[in-house]
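A structural walkthrough
One-letter residues, chain by chain:
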Amino acid sequence: MDNLLRVRDLKTSFFTYAGEVRAVDGVNFDVAGGEAVAIVGESGCGKSVTAMSLLRLIPEPGKVLAGSVELAGRDLVKLKEREMRHVRGNDISMVFQDPMTSLNPVLTIGTQLMEAIRQHQKVEKDKARARAIETLEMVKIPSADKRLAQYPHQLSGGMRQRVMIAMALSCHPKLVICDEPTTSLDVTIQAQIIELLKDLKKATGMSIILITHNLGVVAGLATRVIVMYAGKIVEYGPVNEIYGIPQHPYTWGLLRSVPRLDAAEKRRLVPIYGQPPDLLKPPVGCRFNPRCDHAMKICREQEPPFVPVNGNGQHHVACWLQHPAAPAVAGFKKGVPA
Ligand code: SF4
């Protein structure tokens, strides 16, 4: 598969009175056409700032400082704002976490959907209405034509999220970024929304970036996972390897701390202790070292390089435990949580 999106050395900082907060600090990843990739990490790890940087929607006092974001070969970082407005919605669109704050409560679903369609496509009102109904049907909203006259508060949380997805898809984007699309929903509805995104990806051929703090929800949708911590990627690889042979102690922590939507049996959840670091003054060496049970002297002195895992060229991790001289980790088989 050819790459649709190619992100290289992306750096985004916020310039506060207290100093520079390096929210995204040298991030590299690719997304192939028709592929779903999950970016996972705790809140404040830089995953949402990465997504907003792709769309150049970083609010003041933030700034994309360096790097490139190539979409189908075109570097979005270099585009004029006018050109970028065309990219948003037409080429890349976004589904946000809370539809109640993203949808306008005083406008009907139909008005909002048709506005979104007409903003990007020069079509008459009746064509926009037909397209709105078609898009609601695509996201499996029953009685689509009647829903057009309803207001957001008349729909359930799951239905509102479907409307947000319909709005994102209304102009056939190549890439949809879903930022915590299921967080405000209960577990059954979460599974339905993930299933819907999976079906839509198959039907439209679009690529998806799923941003989530919950590694438990990605298995049904994403084929690859990128784990972020404190503004940096710490591990990435195929979803079955991130679940099956995770290599980074932070990934182990994430897996232990959340229930899996696809898990057959119940297990005890273990939180990751401590807090993510202050990005005004991140820890020297590995940024996870103050919270890591396996931290060694070198972890507090030098940043670990990425090394390949499993010999397939797809799975990489940045952790000193991979060094041949590192001690074996008690209670773990090589890289596998006990
Ligand atoms: Fe822990 Fe060191 Fe690996 Fe960082 S590099 S995750 S501190 S073992």
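Residues numbered from 1 in each chain as written. Predicted model: local features only at pLDDT ≥ 70, side-chain atom pairs only at ≥ 80, totals over all residues. Heavy atoms only, no water.

1. Overview of the overall build of the chain
Within the chain, the regular secondary structure consists of 10 helices and 12 strands. At 21 Å, the chain has a C-alpha radius of gyration in line with the 20 Å of a compact globule built from 338 residues. Here the analysis covers contacts within the chain between residues at least 6 apart in sequence; of these, 64% occur between residues at least 24 apart. When the accessible surface of the chain is split by element, carbon and sulfur atoms take 53% of a total near 16200 Å². (Helix = DSSP H or I, 4+ residues; strand = E, 2+ residues; numbered from the N terminus. Rg over C-alpha atoms; globule rule 2.2 N^0.38 Å. Contact = heavy atoms within 4.5 Å. Areas by Shrake-Rupley, 256 points an atom, 1.4 Å probe, with all protein chains shown as cover.)

2. Concerning the pairing of strand β4 (residues 62-71)
Here strand β1 (residues 3-16) runs beside β4; their pairing, made up of eight bridges, is antiparallel. Note that in β4 the partner of Lys11 across the bridge is Ala66. Sheet analysis places β4 next to strand β5 (residues 74-75), joined by two bridges and oriented antiparallel. Its bridge partner being in β5, Glu70 is matched across the sheet by Asp75. (Pairing = 2+ DSSP bridges.)

3. Considerations on the pairing of strand β6 (residues 92-95)
Because side chains alternate across β6, one face comprises the buried residues Ile92 and Met94, and the other comprises Ser93 and Val95, equally buried. Note that β6 and strand β7 (residues 175-179) share four bridges and pair parallel. Across the sheet, Ser93 pairs through a bridge with Val176, a residue of β7. (Buried < 20%, exposed > 50% of the residue type's maximum accessible area, 1.4 Å probe, protein only.)

4. Things to note about the site of the ligand
With respect to spatial proximity, 13 residues lie near the ligand, and among them Cys286, Cys292, Cys299, Cys319 and Trp320 are the closest. Tallied by class, the residues present in the shell around the ligand amount to 10 nonpolar, three polar and no charged. (Near = heavy atom within 4 Å. Nonpolar A, V, L, I, M, F, W, Y, C, P; charged D, E, K, R; others polar.)

5. Some remarks on the nonpolar core
Within the largest apolar cluster, 68 residues are counted, with the highest numbers of intra-cluster contacts made by Leu136, Val139, Ile165, Leu215, Val218, Val225 and Tyr250. Of all the elements, helix α7 (residues 157-169) adds the most residues to this core, at seven residues. Per-domain counts for this core show at least three residues from each of domain 1 (3-222) and domain 2 (228-337). Those residues in contact with Val218 that lie beyond four places of it in its chain are Ala38, Val40, Leu210, Thr212, Val225, Val239 and Tyr243. Listed in part, the 33 residues of the second largest apolar core include Phe29, Val31, Val69 and Met94. (Core = buried A, V, L, I, M, F, W, Y, C linked by side-chain atoms within 4.5 Å. Domains from an automatic or database assignment.)

6. Quick word on helix α10 (residues 249-257)
Across the nine residues that make up α10, a large majority, seven, are buried. Taken together, the buried positions of α10 are occupied by Pro249, Tyr250, Thr251, Trp252, Gly253, Leu254 and Leu255. Where α10 is buried, its residues touch β3 (36-40), β9 (224-229), β10 (232-238) and α9 (239-244).

7. Concerning α7
The terminal C-alpha atoms of α7 lie 19 Å apart, and with 13 residues this matches the ideal 18 Å at 1.5 Å per residue to within 8%. Of all 13 residues in α7, 11 are buried, a share of seventy percent or more. Looking at the packing, one finds that the buried side of α7 touches β6, α3 (99-102), α4 (109-120), α5 (125-138), β7 and α8 (187-204). (Expected span 1.5 Å × (residues − 1).)

8. Here's the deal with the state of the cysteines
Tallying each qualifying case throughout the model produces zero disulfides. Cys171 carries a free sulfur, and the closest cysteine sulfur to it, the one in Cys178, is 16 Å from it. Here Cys171 falls in the buried class, since its relative accessible area comes to 7%. (Disulfide = S-S within 2.5 Å.)

9. Overview of the sheet that holds β7
Strand order in the open sheet made by the eight strands is β6-β7-β8-β3-β9-β10-β12-β11, with mixed pairing throughout. Of all the strands in the sheet, just β6 and β11 (306-309) have a single pairing partner and so form its edges. Taken over all neighbouring pairs, the strand axes of this sheet differ in orientation by 20° on average, direction set aside. Alignment of β10 against strand β12 (residues 315-318), held across two bridges, turns out to be antiparallel. Paired with Tyr236 across the bridge in β12 is His316. Strands β6 and β7 of the sheet are contacted by α7, whose axis makes an angle of about 175° with β6. (Axes fitted to C-alpha atoms, helices over the stretch in contact; angles between N-to-C directions.)

10. Here's the deal with the packing of α7 against α8
For any two helices packed against each other, the geometry comes down to the angle between their axes and how far apart the axes lie. Two elements in contact, α7 and α8, have axes whose closest approach is 10 Å; the angle formed by their N-to-C orientations is 20°. One element, α7, and the other, α8, form an angle in the roughly parallel class. As for the relative orientation of α7 and α8, their crossing is right-handed in sense. For the pair α7 and α8, contact is made by Gly158, Gln161, Arg162, Ile165 and Leu169 and by Ile189, Gln192, Ile193, Leu196, Leu197 and Leu200, respectively. Considering only residue class, the contact of α7 with α8 consists of seven nonpolar, three polar and one charged. (Parallel < 35°, antiparallel > 145°, perpendicular 65-115°, else oblique. Left-handed = near helix turned anticlockwise from the far one by under 90°.)

11. A look at the environment of His248
Note that His248 resides in the loop between α9 and α10. His248 sits 74 residues away from Gln322 along the chain, and the two C-alpha atoms are 9.2 Å apart. Apart from the residues within four sequence positions on either side, His248 is in contact with Val234, Glu235, Phe288, Val317, Ala318 and Cys319. Side-chain polar atoms of His248 contact the backbone nitrogen of Tyr250, separated by 3.0 Å. (Polar contact = N/O pair within 3.5 Å; in protein donor to acceptor, adjacent residues only side chain to side chain.)

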